[in-house]
Structure formats: C-alpha cells, structure tokens
Amino acid sequence: GKSRRACQERERLSGASIDLAEWVVKQRKQYRWSKSKGGKTCDALSARIVILESMGFMWSCRAAQWQRSFNKLELHGKLNGGNLKVREKDDRQLYFWIEQQRRAYKKGTLSMEREDLLREIDFAFDPHDANWWQNYENLRRWVQEHGNTAVPLIDENGNPDRKSTRLNSSHA
C-alpha cells in the first residue's frame, strides 16, 4: 500500500502532477532502500542520485517542507524590505514554523546547515534581542544626526511630551 505521506502528496496534486508525485515518492523510496544497504547501489541508481542532488532534490519530505517554509520566509523578507516579522493572523502556518525554528535553536536541536541558512537572511533567533539592537541602531543614527540622546517622547495623545524630553536629555 501507499504510505500516508504519499497519499497526502497525491491529494494536493491533480492530473499529470500525480504521476510526477508518484515518481518523486518512488525516488525517495529507492534512496532510502540504498541507504539501508549501506549505500551500496548499482551504477545507474548512484548516477540518478547524483543527478537529482545536483538540482537540489530533497530526499526527505520533512526537509522539503522545511525548505518550502524557508523559501516562503525569504520571499516575505524580500517583499517587505528585509522585514522577516510575520504575524499569526497574516500567515498562521509560517508564524508557527518561525516559532518552531526559534525553539529548536534554543534547545540546540537546529542543524548547523539550517541555522546558517536562517542567519543568511538575518533571521532573529531571539526577537527581543533583535528588537533591542534595532532600537539601539536607531538611537545611534539619531545621535549622529542630532548630537544627543534627547529623542522627543510622546504623551498618551501622540503629542510631544516636553517634560519627558528634558528628563531624557539629562541622561545624555
């Protein structure tokens, strides 16, 4: 019988894509079989593995899903000026994937390869720390432009709060 994963892949596809999905599942099965034999394969299978790997073929459905989510986050960043923040209400699946990456990083279970890929797109493993550094950078630019740390604060109505500005400048 077909594996549950293969059936899930079939449900997402139709027509000629079903044949391709079945072929992909078959390639993954052959690959797993070759690994169970200690990597001993016939020359044809070895060549096919090399050919598929040269195009970035994912031998694991989980790896393929991780890559799809990573690509989606990378695209989100490109479309939003490098901002990788995703709100749960905007994309629940991607939001939870991001949280999963942060938990894995914190536990030390995120692979170095995945960590490196996330770092390449400036992924914030600790969003609070990243936010602190972003605000620090904003303050540094303010000081360069204005020569002090007297950033105008606002009151509860959104108006400049002159008393807070004086207080703030005393710490400069």
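Draft legend 1. Highlighting the side chain of E115. Along the chain, E115 turns up in helix 6 (residues 112-120). A relative accessible area of 12% places E115 in the buried class.

Draft legend 2. Representation of the side chain of S69 within the structure. Structurally, S69 can be placed in helix 4 (residues 61-79). In contact with S69, other than residues within four places in its own chain, are L94 and W97.

Draft legend 3. Focus on the pattern of salt bridges. Scanning all chains against the criterion turns up seven salt bridges. The shortest N-O distance in the salt bridge between R87 and D90 comes to 2.8 Å. One salt bridge connects R140 with E137, and the closest N-O pair in it is separated by 2.3 Å. Here E137 and R140 lie together in helix 7 (residues 127-146), a separation of three residues that amounts to about one turn. Classification of R140 as partly exposed rests on a relative accessible area of 34%. Connected through shared salt-bridge partners, E137, R140 and R141 make up one network.

Draft legend 4. Just the confidence of the model for the chain, in detail. Mean pLDDT over the chain stands at 82; residues scoring 70 or higher make up 83%. Ranking the helices and strands of the chain by mean pLDDT puts helix 5 (residues 92-107) first, with 95, and helix 8 (residues 162-169) last, with 53. Contacts of residues 167-172 to residues separated by more than four positions or lying in other chains number six contacts, the stretch itself having pLDDT below 50.

The rules we used
Sequence positions are assigned chain by chain, starting from 1 and proceeding in written order. In view of the model being predicted, local features appear only for residues whose pLDDT reaches at least 70, and side-chain atom pairs are presented and counted only at 80 or more, with totals across whole chains, interfaces and linings using the full set of residues. Hydrogens and water molecules were not included; the side-chain quantities draw on all heavy atoms of the structure. Helix and strand assignments follow DSSP, with helices taken as H or I runs no shorter than four residues and strands as E runs no shorter than two, numbered in order from the N terminus. Any residue under 20% of the maximum accessible area for its type is buried, any over 50% is exposed, and the rest in between are partly exposed; the area is computed with a 1.4 Å probe on protein chains only. It only takes one pair of heavy atoms within 4.5 Å for two residues to be counted as in contact. When a carboxyl oxygen of Asp or Glu lies within 4 Å of a side-chain nitrogen of Lys or Arg, that pair is called a salt bridge. The predictor's confidence in any single residue is recorded as pLDDT, a number from 0 to 100.

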